[in-house]
Amino acid sequence: MKLGIVGLPNVGKSTLFNAITNAGAESANYPFCTIEPNVGVVAVPDRRLDVLAKMYDPDKYTPAIIEFVDIAGLVKGASKGEGLGNKFLSHIREVDAIIHVVRCFESTEIIHVDGEIGPARDIETINLELIFSDLDILERRIDKAQKAAKADKKYLAEAELFQRLKTHLEEGKSARSFQTKGEEEEQTLATVSLLSGKPVIYAANLSEDDFLGSLEENAYYKQVCEIAAAEGSLVLPICAKIEEDIADMSREDKQLFLDELGLESSGLDRLIQKGYELLGLISYLTAGKQEVRAWTIKKGTKAPQAAGKIHSDFEKGFIRAEIVAFDDLEACGSMAAAKEKGLVRSEGKEYVFQDGDVVLFRFNV
């Protein structure tokens, strides 16, 4: 999973990125301190893998990973070259989803690029820049399809689809809200990497007092929630300052600190959960002396395609999958005990994988 972090300057974007990745992106109280896109790779915390590691004492421990891409703060006109310009937008074209950091805290020390806090205005500014950038790409695709249609009429439908989408974007609406006419149009649209078509998590960056107090009393946070609800996006309340404070702590100290604050989990853990929820992802597990590992797949993935995540040969020569639910395996204490109780099942090609399945694939190539 690859997540791109966007936002206006001075909203806490790079502070949050630093905290969750410990990648050391420079953070300063002025726009454009992030001159190059910063990339941080984070292991997905998974208690189930820890349990399997104790059970198997493996040579290798491989969690699922998430890649975070932090780009320079965008400003109005970025798509036309304002500030550091459009080149940064290209860095997030290939991400799976966008984390849009929105400032929901007052501060006399940290300047706001527009002079005052306004989440609705800030969100609109960023969304419009993503839309303007998409319009440039669409215009090129329309021109290309129209030229191709002179030799082959099948490209007329493509040109018509992109023209409809262009009109939709020109009304200030994101590609996420565009309605296609059937599967063929969906497949054509998938060939264009549109920024405004990517799913969004709004990370509402709050002060420590507001985050630990009553969220509903923060009018800025309520604005973000209303916008997200209207467009079907997700909201994650977060305090980048708290994440910064715990970033360098050991796992034990971090948990003690969170317990003192009355928090069940860190912002990173909650962000990962939101990412999985937004993208409809789950993890299945493989375990043995050689390695315990988590594999990330889409919900609804059938056994052969899940096997193909490991290697294409597994999918081609798939015979069956021997599966036990993680909770059953943990309760039994070992695979042998789970087999004795009849909890290990043999599943075929139509089996749909569930989150936490512990699996051994049988295949023949």
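Anyway, here's the lowdown on the structure attached to this text. (Residues numbered from 1 in each chain as written. Predicted model: local features only at pLDDT ≥ 70, side-chain atom pairs only at ≥ 80, totals over all residues. Heavy atoms only, no water.)

## Considering the packing of aromatic side chains
Overall, the coordinates contain eight aromatic pairs when judged by the stated rule. Ring centres of Tyr 284 and Trp 295 lie 6.5 Å apart, and the angle between their planes is 20°; on these two criteria the pair is classed as stacked. Of this pair, Tyr 284 sits in strand 8 (residues 281–286) while Trp 295 is found in strand 9 (residues 291–298), placing the two residues 11 residues apart along the sequence. On the accessibility criterion, Trp 295 (9% relative accessible area) is buried. (Phe/Tyr/Trp six-rings, centres within 6.5 Å; stacked < 30°, edge-to-face > 60°. Helix = DSSP H or I, 4+ residues; strand = E, 2+ residues; numbered from the N terminus. Buried < 20%, exposed > 50% of the residue type's maximum accessible area, 1.4 Å probe, protein only.)

## Quick look at the sheet that holds strand 2 (residues 38–43)
Reading across the sheet, the six strands line up as 2-4-1-5-6-7 and stay open at both edges, with mixed pairing between neighbours. Bordering the open sheet on either side are strand 2 and strand 7 (234–238), each of which pairs with just one other strand. Within this sheet the neighbouring strands show an average axis-to-axis angle of 25°, counted without direction. Relative to strand 4 (residues 65–70), strand 2 runs antiparallel, the two sharing six bridges. Among the inter-strand pairings, Val 41 is bridged to a residue of strand 4, identified as Glu 67. Lying over the sheet, helix 7 (residues 219–231) contacts strand 5 (97–103), strand 6 (200–205) and strand 7, oriented at roughly 160° with respect to strand 7. Against the sheet, helix 10 (residues 267–279) engages strand 2, strand 4, strand 5, strand 6 and strand 7, with an angle of about 180° to strand 7. (Pairing = 2+ DSSP bridges. Axes fitted to C-alpha atoms, helices over the stretch in contact; angles between N-to-C directions. Contact = heavy atoms within 4.5 Å.)

## Some details on the side chain of Ser 233
Assignment of secondary structure puts Ser 233 in the loop between helix 7 and strand 7. A distance of 2.7 Å separates a polar atom in the side chain of Ser 233 from a polar atom in the side chain of Glu 231. Among residues more than four places away in sequence, those in contact with Ser 233 are Arg 176, Val 200, Tyr 202 and Ala 228. (Polar contact = N/O pair within 3.5 Å; in protein donor to acceptor, adjacent residues only side chain to side chain.)

## As for helix 1 (residues 13–21)
For helix 1, the buried fraction is high: nine of the nine residues fall into the buried class. Among the residues of helix 1, those classed as buried are Lys 13, Ser 14, Thr 15, Leu 16, Phe 17, Asn 18, Ala 19, Ile 20 and Thr 21. In the segment just after helix 1, Asn 22 is the residue with positive phi, at about 50°.

## Points about the pairing of strand 8
Counted residue by residue, strand 8 has six buried out of six residues, so it is predominantly covered. Strand direction decides the pairing type here: strand 8 and strand 9, joined by six bridges, are antiparallel. Residue pairing in the sheet places Leu 281 in a bridge with Lys 298 of strand 9. Connecting the antiparallel pair strand 8 and strand 9 is a turn made up of four residues.

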